[in-house]
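Topology and contacts: notes
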Amino acid sequence: MQRLAPASPGRGARPWMLDPMTLSKEDAPPLASDEILEASRALLRDGRRDEALDLLEEGCRRFPGAMADGVPVFGQAFVQAVLEAWEAGPQITRRRLALQARLVGLIDGHPALVLPRFQWLDYILRTSRPFGPVVRTHLWNRAVVDPAVPFPQLLRLVSFAFHARATETLRLAVPRLRQLLARRLARHGAEDVPAWCQAGDIHLLADEPVEAEACYRTALDQDPACARAVVGLACAALARDATELACTLAERAADMLREAGEAEAAAAIDGAVLLWSRRMAVAPPASLEVVFFCHVSGKLNRNAHLGAPGLGLLEGAVRSLRQAMPLPDGVPMTVFYDHRDTAMNRAFLANLMRFCEEEGLGLVINTEHGLRRQWLHAFGRGDADVVMVVEQDHDFIPPCPSPAEILDLFARRPDLNQLRLNRRANIATGFDALLVQGARDRADGVTFTARFSNTPQFLRRDFYAGLVLPRIDHDIGNDGRNQGAGGVEDNINPWLRRLEGVIGVVAPMRLAGLAIWGHPGDPARCAHMGV
């Protein structure tokens, strides 16, 4: 601890300056709390911010009970100094954890200090682990309901929350957002159309289709050319099982997007409408096939005893699938093996050929394909209405849906394209950072999500041909990611993100029809044996 002493009188003297004669004296008496505060202020005035922050951190440790108006004195001074440093320009980030520790009580106890600077705090906290996200969410939740936070900051908060998939924050924000938008309606009009659309999206995330429709219609009143609002109305129609109305609205939105130069979004909507319309006009899907993707794994972080040249992974996947959801006679099951010309692969292949013959499984041998090309080959050979995709390290956990339940669900839901059996509980994280259920979804026992995944799944063949195949057919850029496994989902998900930028967050998940079996919070139906 550096001892501070009064400076000698003279030009430019400060009330407190570092006394170099005491820097090495271990027996120097520690500063009192008021001395630390005054010394830190002097250092800040002198531009010596790091030294001031070191002093304030010392004060936080030594005087945690020092309070003023119910707020920790040193915590408040430290937070304010850090925030002012960030507002002056980009700073080093080593103060993140210390800031986080002082911040929690100040969010509620001293909002006038914290909330006006939420954008800097958000930047500081977003990469702090493991507690940064918790503090960040608490900050957002406090800010979106605080009447002192002005409208422009509220809009930024809502945008942050959408980007981070913070549905709790969005639900807290929407009543105040709509209230402020209604007050501004006569004066601002078209300027607030994107915010009205965001409010509609939040209501759809919260399963409030009536409120969502009101927001989208207000947006259209202010801007009749707002395609995003029309897409939102189509999604609200889907949520209440009005598929024909959804088709009409979506077609109108696609025309508007084409006129606005948004050809990719218009084509995506056209593809979705075409699938919905065809499915309502033809017989429901009646056939199922299963494809297993198999290779000599190089990333067995656990269960290494199941690896090559043995078939422990594939044997476990086949056995657990047959036990958890017995397949009717006649359902084809084919293994697509991605071979490399090595001694290990040759030994593995010999075992694989014997296993497939004994188990009555078809076997297709490809060489150095990678997962994307395996998908192209597997879907190009079969003709079943629904394809179940299984990777070799999946272990199915009862109770799983039966094949009859799967086909019945696809028959009743023309908007459903992909149904996953999750490898974790149905919680909002990772690819499933948005989990959405409407009344119709709850009745059917499914939850919609915003991202495509290679997790075990049932996929409609017409969805693959119309919307997946064009994204993976010639795009080889992601084939090397994740040891060859990135060429499918890493091609499709950037496309979904681009759509979100044009038509909002909710619409792409409904257009793509990506769902998980079960309700939010339900346990996993599949485990991952290898990673």
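Preceding block: the structure.
A quick note: this is a predicted structure, and the numbers were derived from the prediction, not measured. (Residues numbered from 1 in each chain as written. Predicted model: local features only at pLDDT ≥ 70, side-chain atom pairs only at ≥ 80, totals over all residues. Heavy atoms only, no water.)

**Examining the overall build of the chain**
Scanning the chain from terminus to terminus reveals 22 helices and 15 strands. Put simply, 73% of the contacts in the chain that link residues at least 6 apart link residues at least 24 apart. Accessible surface, the chain as shown: approximately 23300 Å² in total, 53% of it carbon and sulfur. (Helix = DSSP H or I, 4+ residues; strand = E, 2+ residues; numbered from the N terminus. Contact = heavy atoms within 4.5 Å. Areas by Shrake-Rupley, 256 points an atom, 1.4 Å probe, with all protein chains shown as cover.)

**Topic: the nonpolar core**
As a rule of thumb, nonpolar side chains are buried together in soluble globular proteins. One finds Phe292, Leu352, Trp375, Met388 and Phe458 to be the most contacted residues of the largest nonpolar core, which totals 140 residues. It is helix α12 (residues 227–239) that contributes the most residues to this core, 10 residues altogether. The residues contacting Phe292, other than those within four sequence positions of it, are Leu314, Ala317, Val318, Leu321, Met333, Thr334, Val335, Phe336 and Val390. Within the second largest apolar cluster, 14 residues are counted, among which are Leu31, Leu55, Leu56 and Cys60. (Core = buried A, V, L, I, M, F, W, Y, C linked by side-chain atoms within 4.5 Å. Buried < 20%, exposed > 50% of the residue type's maximum accessible area, 1.4 Å probe, protein only.)

**Looking at the pairing of strand β5 (residues 288–295)**
Among the eight residues that make up β5, seven are buried, leaving the element largely enclosed by the rest of the structure. In terms of strand pairing, β5 meets strand β8 (residues 386–391) through six bridges, oriented parallel. Considered in β8, the bridge of Glu289 is made with Val387. Pairing of β5 with strand β6 (residues 333–339) involves six bridges; the strand directions are parallel. Bridge pairing in β6 places Cys294 opposite Tyr337. (Pairing = 2+ DSSP bridges.)

**As for the packing of aromatic side chains**
Across all of its chains, the model carries seven aromatic pairs by this definition. Between Trp140 and Phe160 the ring centres are 6.4 Å apart and the planes differ by 40°, which places this aromatic pair in the tilted class. Separated by 20 residues along the polypeptide, Trp140 in helix α7 (residues 132–145) and Phe160 in helix α8 (residues 151–164) bring together distant segments of the chain. Residue class for Trp140 comes out buried when judged on its relative accessible area of 2%. You can call Phe160 partly exposed: its relative accessible area is 25%. With a centroid separation of 5.5 Å and an interplanar angle of 35°, the aromatic rings of Tyr337 and Phe348 are classed as tilted. Here Tyr337, found in strand β6, pairs with Phe348, found in helix α16 (residues 343–359); they are 11 residues apart in sequence, far enough to count as distant. Taking the relative accessible area as the measure of exposure, Tyr337 reaches 0% and is therefore buried. (Phe/Tyr/Trp six-rings, centres within 6.5 Å; stacked < 30°, edge-to-face > 60°.)

**Considerations on the sheet that holds strand β13 (residues 457–460)**
In spatial order, the strands read β7-β6-β5-β8-β13-β10-β14-β12-β11; together these nine strands make up an open sheet with mixed pairing. Each edge of the open sheet carries a strand with a single partner, namely β7 (362–367) and β11 (435–436). Looking at chain direction, β8 and β13 are connected through four bridges and run antiparallel. Within β13, the residue paired with Val389 across the bridge is Gln457. Running over the sheet, helix α17 (residues 370–381) touches β5, β6, β7, β8 and β13 and is turned about 145° from β6. (Axes fitted to C-alpha atoms, helices over the stretch in contact; angles between N-to-C directions.)

**Details of the packing of helix α10 (residues 193–205) against α12**
Where α10 contacts α12, the axes come no closer than 10 Å and their chain directions differ by 15°. The angle between the axes of α10 and α12 places the two elements in the roughly parallel class. Of the two possible hands of crossing, α10 and α12 adopt the one that is left-handed. Side by side, α10 and α12 meet where Pro194, Cys197, Gln198, Asp201 and Leu204 of the first sit next to Arg228, Ala229, Gly232, Cys235 and Ala236 of the second. For the contact of α10 with α12, the per-class residue count stands at six nonpolar, two polar and two charged. (Parallel < 35°, antiparallel > 145°, perpendicular 65-115°, else oblique. Left-handed = near helix turned anticlockwise from the far one by under 90°. Nonpolar A, V, L, I, M, F, W, Y, C, P; charged D, E, K, R; others polar.)

**Things to note about the pattern of salt bridges**
In total, this model carries 29 salt bridges according to the counting rule given. As a salt-bridge pair, Arg451 and Glu500 come within 3.1 Å of each other at their nearest N and O atoms. Of this pair, Arg451 sits in the loop between β12 (446–449) and β13 while Glu500 sits in helix α21 (residues 489–503); the two residues are 49 residues apart in sequence, bridging distant segments of the chain. With relative accessibility at 9%, the residue Arg451 sits in the buried group. The network of salt bridges with shared partners includes Asp241, Asp408, Arg412, Arg413, Asp415, Arg440, Asp441, Asp444 and Arg510. (Salt bridge = Lys/Arg side-chain N within 4 Å of Asp/Glu carboxyl O.)

**Observations concerning the environment of Arg322**
Position of Arg322 among the secondary structure elements: in helix α15 (residues 312–324). We classify Arg322 as partly exposed; its relative accessible area is 30%. When the C-alpha atoms of Arg322 and Phe396 are compared, they prove to be 8.9 Å apart, with 74 residues separating the residues in sequence.

**Overview of the side chain of Asn345**
Assignment of secondary structure puts Asn345 in helix α16. Assessed through its relative accessible area of 6%, Asn345 is described here as buried.

**Thoughts on unusual backbone geometry**
The amide bond that connects Pro398 to the next residue, Pro399, takes the cis arrangement and shows omega of 0°. Along the chain, the position of Pro399 falls in the loop between β9 (394–396) and α18 (403–412). At Asp207, a residue that is not glycine, the phi angle is positive and equals roughly 60°. Locating Asp207 in the fold gives a position in the loop between α10 and α11 (209–222). Even without being a glycine, Asp241 presents a positive backbone phi close to 65°. If you trace the backbone, Asp241 turns up in the loop between α12 and α13 (243–259). On the basis of relative accessibility, which here comes to 47%, the residue Asp241 falls in the partly exposed class.

**Topic: the environment of Ile202**
Along the chain, the position of Ile202 falls in helix α10. Once the C-alpha coordinates of Ile202 and Arg171 are considered, the two residues, 31 residues apart in sequence, prove to be 6.6 Å apart.

**Quick word on the packing of α10 against α11**
Closest axis-to-axis distance for the α10/α11 pair is 7 Å, and the angle between their directions is 165°. Taken together, the axes of α10 and α11 are roughly antiparallel relative to one another. Two packed elements cross with a definite hand, and for α10 against α11 that hand is left-handed. Residues Val193, Trp196, Cys197, Ala199, Gly200, Asp201, His203 and Leu204 of α10 touch α11, and the partners they reach there are Pro209, Glu211, Ala212, Cys215, Tyr216, Thr218, Ala219 and Gln222. Class assignment of the residues belonging to the contact of α10 with α11 gives a composition of 10 nonpolar, four polar and two charged.

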